[in-house]
Structure formats: structure tokens, C-alpha cells
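# Remarks on the overall topology
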Amino acid sequence: MALAEAPGSYGAAGRAARRARTLSLGSVPPPAMILLGIVSVQVGAGLAKHLFERLPPTSVVSIRLLASALVLGFLARKGLRTILRDHSWSSLAVVAGYGVALAGMNFAFYQALSRIPLGVAVTIEFLGPLSVAIVGSRRPRDLLWVALAGAGVVMLARGGGDVNLAGIVFALVAAIGWACYILLTAATGRRIPGTTGLALASIIGTLVMLPGGLAAGGGAVFDPALLLIGLGVGLLSSVIPYSLELEALRRVPARVFGILMSLEPAVAALVGVVVLGEILTGRQWVAIGCVIVACAGATRSQKEPPEAPEA
């Protein structure tokens, strides 16, 4: 009987394995993974903005970072156990700066998000990676991308509607935080392999933000329903896109990845319309288009690095 059943069992196991391979990330085209990651981040941001009606932005940031730290800390638990023993204090200082940049970037972005539309906030925040790309290139024609992005931001700042100066300033601070985050991600990746550095930075960022988040939110922070939504924000905004982007980066050049990521302001604006009902003016859409073209152009002119950091 066992011999008679073996072929069928083997065939079923083979079919299951083929189905698993078909459903794995490896079977998804990299552009689709990048787009899914972008949508996940912006839907998470839209969900977070809904929480602002019941929790202040500082508390929402704290819950998001806590959710990310718990998931990433669990995944990197083996590396975290030995990180103090295996790495120098200078490396740990870089990771600490990475965590502070992560906390500051998210804090400033959520403060901007509570004041201006999602698409506008993300567009201005994109000046951070644009600046890193242009400084790394140093080509004369990059001045064109700087001028185009600057024109886009000026149009957004003077676009009226739901845009105010405080929101613009917080979005610019978030852009600075994102630039620091990019540089410290690379520095951490050179010192600490895998996701251990990211997990430790997430824990540090959570510890930085959590006291303020608890103080600002009071007892509402411990509402189980709000905590569950906050967990969803953390998964959508951090864990899912990180996983998709890391897999995509293994299979596409960094330049292609950067160009596709330039679509994020447009996706953010669309999510703002669909999820939050934030209708943008024609002038704001043109401004977003200017920043997207500037980001794509600056990324396209970059030289491929000889070796990308593992993180």
C-alpha cells in the first residue's frame, strides 16, 4: 500500500512545491514589486492620517515605529544577541544616528501629513533623495533637475488650498531626515550585514519617540483598536515595502530602481484622492510632475555604484 501511494504523494508534493515557487516573490516582476511597495507605503500613510482624528501624529509615529521594531527585531534576533560583542562602538554610533534619523524623518513627515495633503507632503519629502542623487553626481546638467524640483516646490507652496507654511516646513525637515537616512543606511550596511542594523535602528528610533508618543496620546494610546490599526500602519509602511524593495534590488540595477521609485509622489497623490478625498488643483499636479521628472532625471544620470551595500 505504501509503495502504491508513494508516486501520488510525490506528485502532490511536487505540485505543491511548484505552486509555492509560483507564489513566491521570485516569480513577481521587479517593477511590480516596487509599485506594490510604493502603494503599500502610501496606503499606510493614508491609514495613519485617519488615526490623527483620535491620536496626535507623535503617538501614531511611535506606534508605527514600535510595530516595525517588533517585527524586524524578531527577524534579526540572532544578530541582535551578539551585536554588542561583534561590533565596535563607532559602528554602533552610526547605527544610533541611523535610528535617530529614522525617528526624525517619520516624526517630521507625520507632522506635515497632519497639515497638508499626502501627495504634497510626499512630493516635498522627495527632495531628500533627489539631493543625495545630485550631490553624488555633480554634473552640470543636474542644475536643471534642481531648478525643476525647486519650481515644483514653489508651485506647491503657493498653490493655496489645504497647503500651509508649517506643513511645508515639516515636509522639508522630513526631506533632510530622508537624505540623512539614505546616507546612514549605506554607512550601516558597510559595517553591519543583513537586517540587523536596520532592526537595531528601528529599536533605537522607537525608544527616541515612545516617551513623547505616550505623553501626547495619553490613555488613548492603549486602546486595542487603535493599536491594531497602528500595527497595520507599521506593516504597510515599513515591513512589507522593505521586503519588496530588498527583493527588487537584488534583481534590478539601482538606477532603474530609483527611476521607478520616482513615481511615489504621483501614487501618494492618487492615494490621497481615493483614500482621503484630498482633491489637488491642476497647479499642484503640475508641481508634482516637475518633482517626479527631476527625480527620474537625476537618478538616470547617476553612475551605477560598483557594489551596493547589503542593507
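Below you will find a few notes about this structure.

Rules used in this analysis
Residues numbered from 1 in each chain as written. Predicted model: local features only at pLDDT ≥ 70, side-chain atom pairs only at ≥ 80, totals over all residues. Heavy atoms only, no water. Helix = DSSP H or I, 4+ residues; strand = E, 2+ residues; numbered from the N terminus. Buried < 20%, exposed > 50% of the residue type's maximum accessible area, 1.4 Å probe, protein only. Salt bridge = Lys/Arg side-chain N within 4 Å of Asp/Glu carboxyl O. Axes fitted to C-alpha atoms, helices over the stretch in contact; angles between N-to-C directions. Parallel < 35°, antiparallel > 145°, perpendicular 65-115°, else oblique. Left-handed = near helix turned anticlockwise from the far one by under 90°. Contact = heavy atoms within 4.5 Å. Nonpolar A, V, L, I, M, F, W, Y, C, P; charged D, E, K, R; others polar. Core = buried A, V, L, I, M, F, W, Y, C linked by side-chain atoms within 4.5 Å.

## As for the side chain of T206
- Looking at where T206 falls in the secondary structure, it is placed in helix α11 (residues 196-217).
- Judged by relative accessible area, which is 5%, T206 ranks as buried.

## Details of the pattern of salt bridges
- With the rule as written, the count across this model stands at two salt bridges.
- In this structure, the salt-bridge partner of D223 is R54, at a minimum N-O distance of 3.4 Å. Of this pair, D223 sits in the loop between α11 and α12 (224-249) while R54 sits in the loop between α2 (30-51) and α3 (57-75), and the two are 169 residues apart along the sequence.
- Owing to a relative accessible area of 52%, R54 belongs among the exposed residues under this scheme.

## A closer look at the packing of α3 against α12
- At a minimum axis separation of 7 Å, α3 and α12 run at an interaxial angle of 60 degrees. Taken together, the axes of α3 and α12 are oblique relative to one another. For α3 against α12, the interelement crossing comes out right-handed. Facing α3, whose interface residues are I63, R64, A67, S68, V71 and L72, α12 presents L227, G230, L231, V233, G234, L235, S237, S238, V239 and Y242.
- For the contact of α3 with α12, the residue count by class is 10 nonpolar, five polar and one charged.

## What to know about the environment of H50
- Residue placement: H50 occurs in helix α2.
- Overall, the relative accessible area of 37% leaves H50 in the partly exposed class.
- C-alpha of H50 to C-alpha of S114: the two residues are 64 residues apart in sequence and 9.6 Å apart in space.
- Filtering out sequence-adjacent residues up to four positions away, H50 remains in contact with V275 and L276.

## Description of the nonpolar core
- By size, the foremost hydrophobic cluster in this structure holds 77 residues, and its most contacted members are F109, Y110, L118, L130 and Y181.
- It is helix α6 (residues 89-113) that contributes the most residues to this core, 11 residues altogether.
- Filtering out sequence-adjacent residues up to four positions away, Y110 remains in contact with A48, F52, P57, V60, V61, R64, V233 and S237.

## A few points about helix α7 (residues 118-125)
- Counting buried positions along α7 yields eight of eight residues, so the element is predominantly enclosed.
- Those residues of α7 lying buried are L118, G119, V120, A121, V122, T123, I124 and E125.

## Quick look at the side chain of S68
- Position of S68 relative to the elements: it lies in helix α3.
- Residue class for S68 comes out buried when judged on its relative accessible area of 3%.

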